[in-house]
Number of protein chains: 4
Amino acid sequence: MPRPRSQASRTAILAAAQALLSEKGFPALTIEGVAARAKAGKATIYRWWPDRASLAADALLSATFQPIPVPDTGSAREDFRRHMQLLSAAMRRDFGQQLLVALACTQENRDLTVAFRNSLWKSLRLALAPAIHRGAAARQIRPNVYAEVLFDLLYGPVILRFLTAPETLTPDYVDALCETVMTGILPA
Amino acid sequence: MPRPRSQASRTAILAAAQALLSEKGFPALTIEGVAARAKAGKATIYRWWPDRASLAADALLSATFQPIPVPDTGSAREDFRRHMQLLSAAMRRDFGQQLLVALACTQENRDLTVAFRNSLWKSLRLALAPAIHRGAAARQIRPNVYAEVLFDLLYGPVILRFLTAPETLTPDYVDALCETVMTGILPA
Amino acid sequence: MPRPRSQASRTAILAAAQALLSEKGFPALTIEGVAARAKAGKATIYRWWPDRASLAADALLSATFQPIPVPDTGSAREDFRRHMQLLSAAMRRDFGQQLLVALACTQENRDLTVAFRNSLWKSLRLALAPAIHRGAAARQIRPNVYAEVLFDLLYGPVILRFLTAPETLTPDYVDALCETVMTGILPA
Amino acid sequence: MPRPRSQASRTAILAAAQALLSEKGFPALTIEGVAARAKAGKATIYRWWPDRASLAADALLSATFQPIPVPDTGSAREDFRRHMQLLSAAMRRDFGQQLLVALACTQENRDLTVAFRNSLWKSLRLALAPAIHRGAAARQIRPNVYAEVLFDLLYGPVILRFLTAPETLTPDYVDALCETVMTGILPA
DNA sequence: CAATAATCGAGACGGTACGTCACGTCTTCTT
DNA sequence: AAGAAGACGTGACGTACCGTCTCGATTATTG
């Protein structure tokens, strides 16, 4: 019976990877750097992770994500608005950086698309789901609105602006965005 | 006073970069590869581009972008729907690949955010602007809808899905998205 | 703890360096050339030799130097004369080339002065020592002549001519040189 | 009718070359460095000198050499001894550095052997000639001693030691050397 | 006194080699 | 067996110079 995998080593490697990611970002995450910082051998890393994208994804996902709260004010409109304001604030902090790492990972290793969909994106969508259901139940949301589409309508624009023009991701923009999502663009 | 910059060299370098980008993608764009393919010296590339991200951006932007048509059917609703269907189709072809290159560039060199905003994104926004203005003039769009926000509402979700779950970017999804953008999510 | 140094690699690198030195001389000894010829990585060379001068010195010294014979005729005068004739002949062959390499090495890396003094020059001096001792024991050499000085008197002029006017390093010159060393320049 | 060669440029280039040689030695003498320092174009240097060795030789030889004095004490023995002491002292100063440059030049460009033989070495031999002739005339030197050989016997050992073990080039060594050259090594 | 033609500065160009870094694989000893 | 340490071949990095080649600006004759 072989010696089992060393949990101490695994933990140290993931911690080192997280540290490098948050300090210098994805391009600075080298296997040699992680090995040196974690006092691990390179071969140990290669034994358990196929490439640095997988390691980064693992490090990112095993970090304790600070979930973005979804308030429950009784008004779906207000719930969404406040949540999006919190999201855009988090974007300017560490959440944006983490998002960049996630996108970089999926570009280096297409297999990770599924992993992230089943973890990061799933949890984000799940977090918003209760508010959507509350709104539907309270007849504050039209019944034929898909939750998937609604999530994309809220997160898509914010992420697009973050990627292409982060300094325009202002509270006023977020308010205008939410307002337009609520009422649509057709005349009354 | 010195010999002026060689346009032949510049053209060959950009062509080589474009070829490598479309053949193997951004990670395969090495300076040495471009130099070899363009029969240029590495120093010539470094003389004119600070890093490979800038070179990639230049190659991308000097390529003839195939603009996504915006039909003029008389109905803003239908104009947007058809444009988004064309966009999602282009995403599955080369436009998605180009988008990935653009995002990769801005992650490697933050200065390029501005460059892309003033070229790629500006032209995309401008392309949609006439349809928006037509809709507003024809009172098919509520007057207090910002063009910026409307663009984000259409492009943001499509790009988000392309990045995180490209196989779900179906025509049905695009129709549902446009419908929701038009009518909003509030009950009638 | 790590994998020990590969002797195969070390040998191949030194052999490649020797080959380049004897084929094209010191200026043609490039690290990349050695690496290519030895099928080794550049990093492996830099790991073990600080610069190309050290590598050249190592290659030179680990080559099997053909020692210049010192005959034993019973006459110190004749021993020296014949040895110097052999030396000047060797100079015109490969020994002169090797000497140039040695001098080039010590000019590029001053640390190598000591290395060569303790190897190449030491062995040359040692080779001559027995003949000197024989001559002294047989009272064919005045007792207050230093071996160090005698060596310099024989080798210095030959090397000087080799460096500055190699085609004048003729047998007649060597004979005249030895004769003058033996009897001095003062009148009888 | 054409414009003649600019002497100002020639002078500036040689001055820059001399400065670089004495500051950092032959390996630091790059064409680009000389051009920058002399505010000259690279092509101007290549137009008038075939390679850097020729430029270095020209710079060296057009510098005002400080000749090593040859005293006239009435005793050839003493004249030689004092001259050699002055020579070994100069070796430790700039003359040694200049000698190294000269040797480096002839190794890079064999054609320069003749140039140096006709300038540097000729002037050194000529400087010693009067003392030799005085000694011969005064019957302090045996008549069948060749001036060429005598020069080599004095300079060869000193240069050999300078190249291989400069710190052993002491006044005592020089005295012992001269003594042995005078009286030879045979027993009285 | 222009006209003119080689010279000059500047530096762009295609190259070669530099010395460094990280890759992913491997071999060794230690735990 | 698993792990640390790190040597190995490989390949790209960004830099320094090479020697050649335009450029426009600068002169010292000569028509």
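What counts and how
Residues numbered from 1 in each chain as written. Chains lettered and ligands numbered in written order. Predicted model: local features only at pLDDT ≥ 70, side-chain atom pairs only at ≥ 80, totals over all residues. Heavy atoms only, no water. Domains from an automatic or database assignment. Buried area = accessible area lost by both parts, 1.4 Å probe. Salt bridge = Lys/Arg side-chain N within 4 Å of Asp/Glu carboxyl O. Contact = heavy atoms within 4.5 Å. Polar contact = N/O pair within 3.5 Å; in protein donor to acceptor, adjacent residues only side chain to side chain. Helix = DSSP H or I, 4+ residues; strand = E, 2+ residues; numbered from the N terminus. Nonpolar A, V, L, I, M, F, W, Y, C, P; charged D, E, K, R; others polar. Buried < 20%, exposed > 50% of the residue type's maximum accessible area, 1.4 Å probe, protein only. Near = heavy atom within 4 Å.

## Structural notes on the domain arrangement of chain A
All names here are of chain A. The domain boundaries assigned to chain A delineate domain 1 (7-62) and domain 2 (76-183). For domain 1 versus domain 2, the distance between C-alpha centres works out to 28 Å. Buried surface at the junction of domain 1 and domain 2, both sides included, amounts to about 910 Å², of which 74% is carbon and sulfur. Counting every contact that joins domain 1 to domain 2 gives one salt bridge. E108 is the partner of R52 in a salt bridge, and the nearest nitrogen-oxygen pair spans 2.8 Å.

## Re the interface of chain A and chain B
On the chain B side, the residues contacting the 46 residues of chain A number 46 residues. At the boundary of chain A with chain B, total buried surface from both sides reaches about 4100 Å², with 62% on carbon and sulfur atoms. Here chain A and chain B share six salt bridges between them. The residue D152 of chain B makes a salt bridge to R161 of chain A at a minimum N-O spacing of 2.2 Å. Where chain A meets chain B, there are 20 residue pairs in polar contact (both at pLDDT 80 or more). At the level of elements, α5 (76-108), α6 (112-137), α7 (147-164) and α8 (171-183) of chain A are the ones that each hand at least two residues to the side of chain A that touches chain B. In terms of residue count, the dominant contributor to the side of chain A that touches chain B is α7 of chain A (14 residues). When grouped by side-chain class, the residues that make up the side of chain A that touches chain B number 28 nonpolar, eight polar and 10 charged.

## Observations concerning the pattern of salt bridges
Within this structure, the stated rule accounts for 60 salt bridges over all chains. Between D79 of chain B and R134 of chain B there is a salt bridge whose closest N-O contact spans 3.1 Å. Remark: R134 of chain B occurs in helix α6 (residues 112-137) and D79 of chain B occurs in helix α5 (residues 76-108); sequence separation between them is 55 residues. Taking relative accessible area as the criterion, D79 of chain B reaches 2% and is therefore assigned buried. Overall, R134 of chain B belongs to the partly exposed group, its relative accessible area being 30%. One network of salt bridges, in which partners are shared, links E78, R81, R82 and D175 of chain A.

## A look at the arrangement of the chains
There is a clear gap between chain A and chain C: no contact, and 11 Å between their nearest C-alpha atoms. A gap remains between chain A and chain D, with no contact made and the closest C-alpha atoms lying 36 Å from each other.

## Some details on the protein's contact with DNA strand E
Near DNA strand E there are 40 residues, and of these K42 of chain A, W48 of chain B, M1 and Y46 of chain C together with R3 of chain D occur at the shortest range. A breakdown of the atoms of DNA strand E within 4 Å of the protein gives sugar and phosphate a share of 64%. Within the backbone of E32 of chain A, one N or O atom sits 3.0 Å away from a phosphate oxygen of DNA strand E. The contact in question runs from a phosphate oxygen of DNA strand E to an N or O atom on the side chain of T44 of chain D, over 3.1 Å.

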